[in-house]
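If you want the building blocks of each chain, they are given just below.
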Amino acid sequence: MKFQRSFSFWLGLAGTAFASAAGAQDYPRKPIILVVPYAAGGPADTAARLLAEPFGKEIGERVLIENKVGGGGTLAATSVKGGTPDGYTLLMAGEGPMSINPHIQRNIPYNPATDFVPAAIFAAGGCNVLVVNPKFSAATLKDFVALARSKSGEIMYGGSGLGTPAETVAIEFQASAGAKMQKVPYSGSGPAFQDVISGHLDALFVSAVSAVGAIEAGTVRALGVSTAKRCDVLPNVPTFREGGVDLDTGYYWFGIFARSGTPQEIIDKLNGAINRATASPGFADNLKVHSLAPQSLSVADSAAYVRRDMDEWAKKIERLPQIKQ
């Protein structure tokens, strides 16, 4: 009787393994849901939608975008973690949900290192820009830093959430420039941007892509970009280093993650399809408009990329604890 129970148990396991292998072989058989942690229209959502069509063609099924906004990506990550590990519900995530949130949110309901498997990293780049109202007294970045140093805590800048790339750039900028500014909390960069335009707010660190229209129209003035090289979308705006601030930061990356336990055959299929999608005609040009560049990494290299980013952010937040305050 005991032998029969044991035999039935292992037979059941074998059947489950066989079903899993068979499911991986004919994957996908229905549309794939790509959960995006941010609102429609933002840089992350735009990158996801640019990928969805060529990715769908390469994988052989439709890829549908589902925006789940909340907790800086925590809501989206938690929902994917709670799903079935079959490759039909994926998470698009970057440094926020994977590398920053675990350090700044208490009792986070997921572990990015153990609950998810990176199928591919598909885009990286981006930059943030410091903008002020055109009538603001500082005409250059050097003038801005001198003013911030002489009037410590008097310059008001907009902040739209702990752990966001722009907010982190603002904190790193102050540390590197030796200047203290006063943060004014906002629910998002949109309202803060409007207050800079109207003159109710002194300064804002914001995605260059979001600001380029207003900069070209002259409703805000750009003082510097956060990256090592000038941004493609703002070629006439100097870098922070050109303006005298020794800082090179504010990069983004975007990857596609499956829940842990997803069969390796499915992960490999996803990786191949995504990498072919990033090499498809026009994809690089579409990303370049958003200051991003396509990536093509193996499953192993994608995992190493994410781990390296996690380690770098852990060190950065230890050095700058105000990122989580």
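Up top is the structure.
Below: a short report on this structure.

Criteria and thresholds
Residues numbered from 1 in each chain as written. Predicted model: local features only at pLDDT ≥ 70, side-chain atom pairs only at ≥ 80, totals over all residues. Heavy atoms only, no water. Helix = DSSP H or I, 4+ residues; strand = E, 2+ residues; numbered from the N terminus. Expected span 1.5 Å × (residues − 1). Buried < 20%, exposed > 50% of the residue type's maximum accessible area, 1.4 Å probe, protein only. Arc of directions from axis to C-beta. Pairing = 2+ DSSP bridges. Disulfide = S-S within 2.5 Å. Axes fitted to C-alpha atoms, helices over the stretch in contact; angles between N-to-C directions. Contact = heavy atoms within 4.5 Å. Parallel < 35°, antiparallel > 145°, perpendicular 65-115°, else oblique. Left-handed = near helix turned anticlockwise from the far one by under 90°. Nonpolar A, V, L, I, M, F, W, Y, C, P; charged D, E, K, R; others polar.

Comments concerning helix α11 (residues 299–319)
The periodicity of an α-helix, 3.6 residues per turn, causes residues three or four places apart in sequence to face the same way.
Moving on, step 1. The end-to-end C-alpha distance of α11, which contains 21 residues, comes to 31 Å, matching closely the 30 Å that a straight helix rising 1.5 Å per residue would cover.
Moving on, step 2. For α11, the full list of buried residues reads Val 299, Ser 302, Tyr 305, Val 306, Asp 309, Met 310, Trp 313, Lys 316 and Ile 317. An end-on view of α11 places all buried positions within 135° of arc, on one side of the element. Exposed positions of α11 whose direction lies more than 90 degrees from the buried face are Ala 300, Lys 315, Glu 318 and Arg 319.

With respect to the pairing of strand β8 (residues 203–207)
Moving on, step 1. Counted residue by residue, β8 has five buried out of five residues, so it is predominantly covered.
Moving on, step 2. Pairing between strand β5 (residues 128–132) and β8: five bridges, direction antiparallel. Residue pairing in the sheet places Leu 130 in a bridge with Phe 205 of β8.
Moving on, step 3. Bridging between strand β6 (residues 156–159) and β8 involves two bridges; their strand directions are parallel. Residue pairing in the sheet places Gly 158 in a bridge with Leu 204 of β8.

Here's the deal with the state of the cysteines
Moving on, step 1. Counting across every chain of the model gives one disulfide.
Moving on, step 2. Across the disulfide, Cys 127 is cross-linked to Cys 231 (sulfur-sulfur distance 1.6 Å). Here Cys 127 is found in the loop between β4 (116–125) and β5, whereas its partner Cys 231 is found in the loop between β9 (221–225) and β10 (252–259), with 104 residues between them in sequence.
Moving on, step 3. Assessed through its relative accessible area of 2%, Cys 127 is described here as buried.
Moving on, step 4. According to the relative accessible area criterion, Cys 231 is buried, its value standing at 5%.

A short note on the sheet that holds β10
Moving on, step 1. Read across the sheet, six strands follow the order β2-β1-β3-β10-β4-β11 without closing on themselves; strand pairing throughout is mixed. Two strands in the sheet have a free side with no partner beyond their single neighbour: β2 (63–67) and β11 (292–294). Sheet twist, expressed as the average angle between the axes of neighbouring strands with direction ignored, equals 30°.
Moving on, step 2. Along the sheet, helix α3 (residues 74–81) contacts β1 (32–36), β3 (89–93), β4 and β10; its crossing angle with β3, the most-contacted strand, is approximately 150°.

Some details on the packing of helix α2 (residues 43–59) against helix α9 (residues 264–278)
Moving on, step 1. Closest axis-to-axis distance for the α2/α9 pair is 8 Å, and the angle between their directions is 125°. When the axes of α2 and α9 are compared, the pair comes out oblique. Viewed along their axes, α2 and α9 form a crossing whose handedness is right-handed. Each of Leu 51, Pro 54, Phe 55, Glu 58 and Ile 59 in α2 lies in contact with α9, whose residues at this interface are Lys 269, Leu 270, Ala 273, Ile 274, Arg 276, Ala 277 and Thr 278.
Moving on, step 2. The residue inventory of the contact of α2 with α9, partitioned by class, reads eight nonpolar, one polar and three charged.

Thoughts on unusual backbone geometry
In most cases, non-glycine residues show a negative phi, while peptide bonds are predominantly trans.
Moving on, step 1. In this structure, the amide linkage connecting Tyr 27 to the following residue, Pro 28, adopts the cis form with an omega of -5°.
Moving on, step 2. Look at Ser 291: it is not a glycine, yet its phi comes out positive at around 60°.
Moving on, step 3. Structurally, the position occupied by Ser 291 is in the loop between α10 (283–288) and β11.
Moving on, step 4. Judged by its relative accessible area of 11%, Ser 291 falls in the buried class.

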